[in-house]
Amino acid sequence: MLKGRRRLRATISQLEQDLEDARRAAQRARAEVDALRQDLAEARALIGTLRSSDDEEDDYERLLRSAAGVAVAEIVCHRDTWAFLVERTATNEHFRLPADIDERPDGTVTVRISGRSLTAAVEALREARRAAPSPAPTRHLAAQVFDRIRDALEEVGPDNDDRLIGGAREDRSAARIVIDDRLT
């Protein structure tokens, strides 16, 4: 009978050890599943970011194409905003400083630039608004001007049928870009 009890205790002890080993294995498996879930969530977030980045890049490419398709763009803004735009764009190989700038007494200017110069502006503004070391005012001003250019080009772009009159595009001398909340 003593042998039977010892064997039973040994068996119980072994079963308890096996149970503890199984619990540890289950905890490790749960930790691995949690880690896999975290990895999956991070991968999904990265995919979302990449898709968003791809969409942003596609929008940027469309905007560059639209700017390149404009013969003349008329920009109406404050002279300081025009100076900011020139400072940001002047080093781009496609930017040409216009000869005529109409200045008004209220400090606003009207400037006519080519589509080529407009593509340079779009590129420079995109970089300025995305550049992390740029001061916040620079990024926000760049974003505001960039958005106004984008909005104006969407209105006159080839995909906008609202400007069609009798099958022909409305006669406009220039795409008009207004960077002044008082005038929009």
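Our structure is the block above this text.
Residues numbered from 1 in each chain as written. Predicted model: local features only at pLDDT ≥ 70, side-chain atom pairs only at ≥ 80, totals over all residues. Heavy atoms only, no water.

Asker: Tell me what's going on with the overall build of the protein chain, and back it up with residues and numbers.
Answerer: If you tally the helices and strands in the protein chain, you get four helices and six strands. When the elements of the protein chain are put in sequence order from the N terminus, they spell out α-β-α-β-β-α-α-β-β-β. Classification of the 184 residues of the protein chain by burial places 29% in the buried group. Within the protein chain, contacts between residues separated by at least 24 positions form 68% of all contacts whose residues are at least 6 apart in sequence. Carbon and sulfur atoms form 50% of the exposed surface of the protein chain, whose accessible area is close to 12700 Å². (Helix = DSSP H or I, 4+ residues; strand = E, 2+ residues; numbered from the N terminus. Buried < 20%, exposed > 50% of the residue type's maximum accessible area, 1.4 Å probe, protein only. Contact = heavy atoms within 4.5 Å. Areas by Shrake-Rupley, 256 points an atom, 1.4 Å probe, with all protein chains shown as cover.)

Asker: Any chance you could break down the sheet that holds strand S3 (residues 108-114) for me, citing the residues and the numbers?
Answerer: The strand order across the open sheet formed by four strands is S2-S3-S1-S6, and the pairing between neighbours is mixed. Two strands lie at the open edges of the sheet, namely strand S2 (101-103) and strand S6 (175-179), each paired on one side alone. Between one strand axis and the next, the sheet turns through 15 degrees on average, direction left out of account. Relative to S6, strand S1 (residues 72-78) runs parallel, the two sharing five bridges. Looking at the pairing, Ile75 lines up with Ile177 of S6. Packed on one face of the sheet, helix H2 (residues 79-89) meets S1, S2, S3 and S6 and runs near 125 degrees to S1. (Pairing = 2+ DSSP bridges. Axes fitted to C-alpha atoms, helices over the stretch in contact; angles between N-to-C directions.)

Asker: Talk me through the environment of Val70; I want residue IDs and the actual numbers.
Answerer: You can see Val70 is positioned in the loop between helix H1 (2-68) and S1. Sequence-wise, Val70 and Ser114 are 44 residues apart; in three dimensions their C-alpha atoms are separated by 7.1 Å. Look past the residues within four positions of Val70 in its chain and what remains in contact with it is Ser114, Gly115, Leu153 and Ala175.

Asker: An account of the side chain of Glu74 is requested, with residue identities and associated values reported.
Answerer: Secondary-structure assignment places Glu74 in strand S1. Leave out the neighbours within four places in its chain, and Glu74 touches Thr110, Val111, Arg112, Ala174, Ala175, Arg176 and Ile177.

Asker: Explain the pattern of salt bridges to me, and be specific about the residues and the numbers.
Answerer: Here the structure, examined in full by the defined rule, presents 14 salt bridges. The residue Asp21 makes a salt bridge to Arg24 at a minimum N-O spacing of 3.3 Å. Here Arg24 and Asp21 lie together in helix H1, a separation of three residues that amounts to about one turn. Judged by relative accessible area, Asp21 falls into the partly exposed class, the value being 33%. Linking Arg150 and Asp151 is a salt bridge whose minimum nitrogen-to-oxygen distance equals 3.1 Å. Classification of Asp151 by relative accessible area gives partly exposed; the value is 33%. (Salt bridge = Lys/Arg side-chain N within 4 Å of Asp/Glu carboxyl O.)

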